[in-house]
Amino acid sequence: MSRTDGPDFTGPALHEMLARTWSDAPGLWGWITTVDHKRVGRRYIVTAFVFLGLGGILALLMRLQLATPDSGLISADRYNQIFSMHGTTMMFLFAVPVMEAMAIYLIPLMMGTRQIAFPRLNAFSYWIYLFGGCFLWIAFVLNIGPEAGWFSYVPLAGPEYSPGKRTDVWAQLITFTEVAALAGAIELITTILKQRAPGMSLNRMPLFAWSILVTSFMIIFAMPAVMLASSFLISDRLVGTQFYNPTEGGDALLWQHLFWFFGHPEVYIIFIPAVGFVSQITETFTRREVFGYPLMVLAVVSIGLMAFGLWVHHMFATGLPRVGYSFYTAASMMIALPGGVQIFCWIASIWSGRPRWETPLLWVIAFIITFVMGGLTGVMVASVPLDLQLHDSYFVVAHFHYVLIGGAVFPLLGAVTYWFPKFTGRMMAEPLGKWNVALAFIAFHLTFFPMHITGLLGMPRRVYTYPAGAGWDTLNLLSSIGAFVFAASLLLFIGNAVTSLRNGRMAGANPWDAASLEWLPSSPPPTYNFAHIPRVESRTPLWDGEPAVIPGLRTDKRELLVTTGVDALPDIRDASAPPNGWPLFAAIATTIMFTGSIFTPWAVVWGAALMAPPLILWFWPHDPLEPKPEQGDE
C-alpha cells in the first residue's frame, strides 16, 4: 500500500491531501454538520456577541426608565422581565459561553493539535446553547420571559408567587446552558491534558491554557449545583414537590445555598479566562515571558479552589449563624491575595519589558485600573456590618459591573482585537481601536461609578422607578448618559470589526510577533491547523526559531497525536470523528424534551425516546482509521 504520512511527504501535495481529509462537505449541509473547532468557535463567538447586543438593549431601556424620577415609560411588570432578561442573558448566554467559545477556537491551535477532543460533542454543545438562547428570547417576546431576577430567588420564584410559565422558562434555560457549558469543559480539559504538542510539559503551557484548564474544572464542579437547584424548582412548580416550601419541610434558603455555590464560582469562571487573555497580550506586547510564571499558575489554581468557599458572603443578610460568617469573610478577603499577585506580575512584566502601546495592551491597562477598583469594593462588601447596609443596594450593582465588565469584557475586547487577524486574516484598524479604548473606559466609569454613591444614599436595586428629591436624580441621569455612550463605544468596536473583515490590512501568520503556537499556521489557519505537529522546547516556542516537527500522522484519515498528561511525550495515535448530522438531531431532540418538560413531566419520557435514535447512531461503533483498499492493492 502506498504511504503518504512519512517525513518526506511535504509541500503542496501534503497540504492538498490534508485539506481534502479535514474539509467539510460542500454547501449548507457541510456548514450545518461541521465539527471543525474553528468554525464552531467562530459561530459561538458571534452568537454570544448577538446576545450581548440583546442584553445591552435591555440595559439601555432600564437606564432610560431610571434617567428621571417617577418615570412611567415602562410598567413595573415589564421592567421586572427586562432586568431579569438582562441579567440572565449576560450571565448565562454571553459571559460564560463567550469565554468557552474563545477557548474552543484557540486551545487546539495553542496546544499544537489538529482538532479539539470530542468534536461532535463540541458541535452538539453549540446547538444546545443556540436553541436554549432562542427558547429564552422567544418566550420573552411572547410575554412569558422570566420576572424573578437572574438568580430567581424562592419563594418569589415558587408556584405561589410566580404563577404561569415565566419562571419555568428561566429554570429550563439553566439546563440548556449548563449542558452546553459542561460539554465544552470536558472537551477542553481533554484537549489540554492529552493533545498537547510533544515537549509542551505542564510547566511550558501558555498561561491562557492554564486559565482554561482551571475554568473547565470549575465548571464541572459548579454547574451541577445550579442544574440541581433549577430542577428542584421545576419539580416544585410542576409536580408538587416541596424542596423550597418551609411549611412542608422544605427550606427556602436551600435555593440560595445551591445557587450561590454555583454563582460565586461563576464570577471566577468568567474572570479566570480573562486572566489568560491578559497574560498572552502582556507577553506579546512586552516581548518577554510574564513575570513570575509559577506564581501566576499558583494564583489561578488557588483562585479556582478558594472560589468554592465564598458563596455565603451573598447570604450575610439571611440570618444564618453569625459564627459561620467569620469564615466566609476571611475567605472573601483572602481571595484578593492571588488576584493581587496577578496584578503585580502583569505590572512587573510591563515595567521590565519593552511595551508596545497598541490597542490590545491598552485594553489590558483599562482592565487593570477598573478591576482593582472592583476588587476593592468586593473586599468592602465582604465585611458583614458593611454588607448588611449595602446589601441589595446600587452599590452592589456598581461592584458587580466593575468586576464583570472591567474584569472580563475589557480583556475580552482586547483578546478579540489581538486574535482578530488569526480569526480572519485581517487586522483591525489601530487608531480607531485606541479611540475605542478611551471612549469605553470613560463611559464605563461615568455609568457605574455614580451607582456606588446612589447605593450609599440608599437606592435599592431592581426598582423600576424612584421618587424625586431623594438625592438620586442627578446620579441616575449621569449613569444613563454614560450607558448610552458606553453602548456607542461597543458599536464602534463592532463597526471596526465588520469593516476590517473586508477592508482591514492583510495579516501574516504572526503579525504581532507572538510566542505561542496558534501563530504558527497561516491566518486564518487551514482546516487541519498544522501540516506537521510541532515540537515544543520552551514556553515561547516561536521566539526560539522555527519549531521542529513530528511527522508520521496519517493524511488520508483524520488522526490526532495523543501525548502523556504531564510531560507531553508522544503516546498513541487516535482517530478524530468526522462530521455528521447526528449532533444536530440530538440537540433538536433534547430541545423538544427540555421545552416540553415545563408543560408536562411526560415530556421527559417521550423526549428520551426521541433522543435515543440520534444518540445511538452518533455513537455507533466503527473504525475510522481502517484503510480503504487503494487501486492496485492486493
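Look up a bit, the structure's there.
Here's a quick rundown of the structure. (Residues numbered from 1 in each chain as written. Predicted model: local features only at pLDDT ≥ 70, side-chain atom pairs only at ≥ 80, totals over all residues. Heavy atoms only, no water.)

## A look at the pattern of salt bridges
Formally: Here, a salt bridge means any Lys or Arg side-chain nitrogen found within 4 Å of an Asp or Glu carboxyl oxygen. A run of DSSP states H or I qualifies as a helix once it reaches four residues; a run of E qualifies as a strand once it reaches two. Both are numbered from the N-terminal end. Exposure is judged per residue with a 1.4 Å probe applied to protein chains only, and the accessible area is read against the type maximum: over 50% gives exposed, under 20% gives buried, and values in between give partly exposed.
According to the stated counting rule, one finds 15 salt bridges in the structure shown. Arg 287 serves as the salt-bridge partner of Asp 513, at 2.4 Å between the closest nitrogen and oxygen. Here Asp 513 is found in the loop between helix H16 (473–503) and strand E1 (533–534), whereas its partner Arg 287 is found in the loop between helix H8 (252–286) and helix H9 (293–306), with 226 residues between them in sequence. Classification of Asp 513 as partly exposed rests on a relative accessible area of 36%. Exposure remark for Arg 287: the relative accessible area of 31% places this residue in the partly exposed category.

## Some thoughts on the side chain of Asp 36
Our working definition: N or O atoms within 3.5 Å of each other form a polar contact, as long as, within protein, one can give a hydrogen and the other can take it, and as long as residues adjacent in sequence are counted only when both atoms are side-chain atoms. Here, residues are in contact when the closest pair of their heavy atoms is within 4.5 Å.
By the element assignment, Asp 36 lies in the loop between helix H2 (27–33) and helix H3 (37–66). You can call Asp 36 buried: its relative accessible area is 8%. Of the polar contacts made by the side chain of Asp 36, one reaches the side chain of Lys 38; its length is 2.9 Å. The residues touching Asp 36, leaving out its near neighbours within four places in the chain, are Asp 24, Gln 115 and Thr 527.

## Description of the packing of helix H15 (residues 430–456) against H16
Formally: The axes used here are C-alpha line fits, helices contributing only the stretch in contact, and every angle between their N-to-C directions lies in the interval 0 to 180 degrees. Here the angle decides the label: under 35 degrees means roughly parallel, over 145 means roughly antiparallel, 65 to 115 means roughly perpendicular, and every other value means oblique. Each crossing gets its handedness from the near helix: less than a right angle anticlockwise from the far helix is left-handed, clockwise is right-handed. Think of it as three bins: nonpolar holds Ala, Val, Leu, Ile, Met, Phe, Trp, Tyr, Cys and Pro, charged holds Asp, Glu, Lys and Arg, and polar takes everything else, Gly as well.
Interhelical geometry of H15 versus H16 gives an angle of 155° and a closest axis separation of 8 Å. Here H15 lies roughly antiparallel to H16, going by the angle between them. As for the relative orientation of H15 and H16, their crossing is left-handed in sense. Counted by class, the contact of H15 with H16 contains 17 nonpolar, 9 polar and no charged residues.

## Let's talk about the packing of aromatic side chains
Both the distance between ring centres and the angle between the ring planes are used here to describe each pair of aromatic rings. So the rule is basically this: Centres within 6.5 Å are what make two rings of Phe, Tyr or Trp a pair, Trp counting through its six-membered ring; a difference in plane orientation under 30 degrees is then read as stacked, over 60 as edge-to-face, and the rest as tilted. Cation placement over rings: the criterion is NZ of Lys or CZ of Arg within 6 Å of the ring centroid and within 35° of the ring normal.
Counted according to the given criterion, the structure contains 57 aromatic pairs. On the basis of an interplanar angle of 50° and a centroid distance of 5.6 Å, the ring pair of Phe 124 and Trp 618 is categorised as tilted. Residue Phe 124 is found in helix H5 (residues 119–141), and its partner Trp 618 is found in helix H18 (residues 602–618); the two are separated by 494 residues along the sequence. Each member of the pair, Phe 124 as well as Trp 618, carries the same accessibility label: buried. Between Phe 151 and Phe 259, the aromatic rings sit 6.4 Å apart at their centres with planes inclined by 70°, giving edge-to-face as the arrangement. On the criterion of sequence distance, the pair formed by Phe 151 in the loop between H5 and helix H6 (166–194) and Phe 259 in helix H8 is long-range, its members being 108 residues apart. Each of the two residues, Phe 151 as well as Phe 259, counts as buried. Here the guanidinium or amino end of Arg 43 rests over the ring plane of Trp 31, the centre of that ring lying 4.3 Å away. Over the face of the ring belonging to Tyr 293 we find Arg 539, whose NZ or CZ atom lies 3.8 Å from the ring centre.

## Some words on the nonpolar core
Basically, it comes down to this: Here the nonpolar core consists of buried residues drawn from Ala, Val, Leu, Ile, Met, Phe, Trp, Tyr and Cys, with membership extended through side-chain atoms lying within 4.5 Å.
Residues Met 102, Phe 259 and Trp 419 are the most contacted members of the largest nonpolar core, which totals 191 residues. The element best represented in this core is helix H4 (residues 76–111), accounting for 23 residues.

## Looking at the pairing of strand E3 (residues 559–563)
The condition is simple: Pairing between strands requires that DSSP locate at least two bridges from one strand to the other.
The element E3 is extensively covered by neighbouring structure, given that 5 of its 5 residues are classed as buried. Of the two faces of E3, the one holding Glu 559, Leu 561 and Thr 563 and the one holding Leu 560 and Val 562 are both buried throughout. Here 5 bridges tie E3 to strand E4 (residues 570–575), and the two strands are oriented antiparallel to one another. Considered in E4, the bridge of Glu 559 is made with Ala 575. Connecting the antiparallel pair E3 and E4 is a turn made up of 6 residues, with Ala 568 showing a positive phi of about 55°.

## Section: a nonpolar patch on the surface
Our working rule: Within the patch definition used here, like charges are joined within 9 Å and nonpolar side chains (Val, Leu, Ile, Met, Phe, Trp, Tyr) within 5 Å, considering only residues with over 30% relative accessible area and no salt bridge. Only the protein chains shown count as cover for residues, and all accessible areas are computed by the Shrake-Rupley method using a 1.4 Å probe.
A surface patch of nonpolar side chains, about 460 Å² in accessible area, is lined by Trp 29, Phe 585, Ile 588, Ile 592 and Leu 610. Among the elements that make up the nonpolar patch, the one with the highest residue count is helix H17 (residues 582–596) (3 residues). Summarising the element assignment, Ile 588 is placed in helix H17.

## Topic: unusual backbone geometry
Look at the link from Val 154 to Pro 155: it is a cis peptide, with omega at 5°. Cis geometry is adopted by the peptide bond preceding Pro 524, which originates at Ser 523 and carries an omega value of -10°. The residue Pro 524 is located in the loop between H16 and E1 in this model. One non-glycine residue, Phe 118, adopts positive backbone phi at about 55°. Within the secondary structure, Phe 118 sits in the loop between H4 and H5. Of the residues examined, Phe 118 reaches a relative accessible area of 43% and is grouped as partly exposed. Despite not being glycine, Asn 143 has its phi angle at roughly 70°, a positive value. Along the chain, the position of Asn 143 falls in the loop between H5 and H6.

## With respect to the side chain of Arg 114
The line we're drawing: We score Asp and Glu as negative and Lys and Arg as positive, and we do not count His or the chain ends.
You can see Arg 114 is positioned in the loop between H4 and H5. Although buried, Arg 114 forms no salt bridge, and the nearest oppositely charged side chain, Glu 559, lies 6.4 Å from it. At 2.9 Å, the side chain of Arg 114 and the backbone oxygen of Phe 530 are in polar contact.

Remember that the coordinates give geometry; whether it matters functionally is a separate question.
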